[in-house]
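One letter stands for each residue in the lines below.
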Amino acid sequence: MISRTEGFITVADGERVWYETAGEGPDLILTHGLGGNAAVWYQQVPYFAQHYRVISWDQRGFGRSTNENGNHGPVAAVSDLIEIMDLLAVDRAHVVGQSMGGWAALGTAIAVPDRVESVVLACTTGGISVGFGPDSAPPLTAAPVTARPLGEHPAVGGRLPSLDMARAYLYQALGTFGHRPPDTEFFRILKAHNYSPAELAAVAAPVLLIAGELDDLMTPERIRSAAEFLPHAEVVELADRGHSPYFEDPHAWNELVAHFLADVRARPVR
């Protein structure tokens, strides 16, 4: 039986941030992207909880976490994640960030380098100033949102609905939970939040950057460019996959990350 806990932490400015732990062992933190919440890791948590204490959490305004003050974005996410680490007595952790979650993952490695063992940037440039997505986000609008066709979502592309409509619909539904601001607002916040070359050059932790061949938001070319700013980075491109291979092809993604983590753990302690 795999142990599990869940709860809320009231962070510095009064927001309530939900977190979960599963399993025992070295700490592995999963940080979701703009298209979901902690539940989006349902294909990763049971897999990694066999060998790690897996910590997942809802960023502000997503899933079960509040966003009453509107202080969402990478700065708050890094602060909230460190508070969760403090609460759970995390000494050193492997930190994974998918898409938007990459800003929090990399930001944590910069803010508390002695507490981050490794970083996985999954389909994300993570605040490295190489750009992402369209050159300019569409303007904010008060017009009613038109529902997408069943199972359609830009973060999973067209392949998954053709293979498994139920999972594609699940991804689509997960992105509707919570009270988060519009995607366009997050795009603007993320585009404006870049870590400096000096901060990136000081990241001592090994970093795995995962790219999807068909990802037109965080393209493989941009992810390779981002890796050049990090002193201990490697890039793996998954063929015929889009922006969310962890969800679309969990077996290959899980195995890739597991091998990376095992390699990091086998290295001499720094």
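Just so we're clear, the structure is a prediction, and the values are computed from it rather than from any experiment. Residue positions within a chain follow its written sequence, with the count starting from 1. In keeping with the predicted nature of the model, local features appear solely for residues at pLDDT of at least 70, side-chain atom pairs appear and are counted solely at 80 or more, and the whole-chain, interface and lining totals rest on all residues. Calculation of side-chain values draws on the structure's entire complement of heavy atoms; hydrogens and water are dropped beforehand.

*Asks:* I keep staring at the sheet that holds strand 8 (residues 233–238) and nothing clicks. Help me out?
*Replies:* Remark on secondary structure: sheet strands pair via backbone hydrogen bonds, oriented parallel or antiparallel. Between any two strands, pairing holds if DSSP finds at least two bridges. Comment: elements are numbered from the N terminus, with helices defined as DSSP H or I runs of at least four residues and strands as E runs of at least two. On the basis of which strands lie adjacent, the open sheet formed by eight strands has the order 1-2-4-3-5-6-7-8 and mixed pairing. Of all strands in the sheet, those with a lone pairing partner are strand 1 (4–10) and strand 8, marking the two edges. Taking each pair of neighbouring strands and ignoring which way they run, the sheet shows an average axis angle of 20°. Direction of pairing for strand 2 (residues 16–22) relative to strand 4 (residues 53–57): antiparallel, over a ladder of four bridges. Residue pairing for strand 4: Y19 is matched across the bridge by W57. Between two residues, a contact is recorded if the distance between any of their heavy atoms is within 4.5 Å. Here the axes come from fitting lines to C-alpha atoms, over the contacting stretch only for helices, and the angles between their N-to-C directions go from 0 to 180 degrees. Against the sheet, helix 8 (residues 220–227) engages strand 7 (207–212) and strand 8, with an angle of about 165° to strand 7.

*Asks:* Mind showing me how you'd approach the packing of aromatic side chains here?
*Replies:* Working definition: an aromatic ring pair is given by the centre-to-centre distance plus the angle between the planes. Aromatic pairs are defined between Phe, Tyr and Trp rings, using the six-membered ring for Trp, whenever the two ring centres lie within 6.5 Å; interplanar angles under 30 degrees are classed as stacked, those over 60 as edge-to-face, and all others as tilted. Per the counting criterion, the structure on display carries 11 aromatic pairs. Ring centres of Y42 and F247 lie 5.8 Å apart, and the angle between their planes is 70°; this geometry places the pair in the edge-to-face category. Of the two residues, Y42 sits in the loop between strand 3 (27–31) and helix 1 (45–48) while F247 sits in helix 9 (residues 245–248), which places them 205 residues apart along the sequence. The cut-offs for exposure are 20% and 50% of the maximum accessible area for each residue type, with area from a 1.4 Å probe on protein chains only; residues under the lower value are buried, those over the upper are exposed, and the others partly exposed. Here Y42 falls in the partly exposed class, since its relative accessible area comes to 34%. An aromatic cluster of at least three residues, connected via ring pairs, comprises W41, Y42, Y171, Y246, F247 and W253. To sit over a ring, a charge needs its Lys NZ or Arg CZ within 6 Å of the ring centre and within 35 degrees of the ring normal. If you follow R16 out to its NZ or CZ, it ends over the ring of F8, 4.1 Å from the centre.

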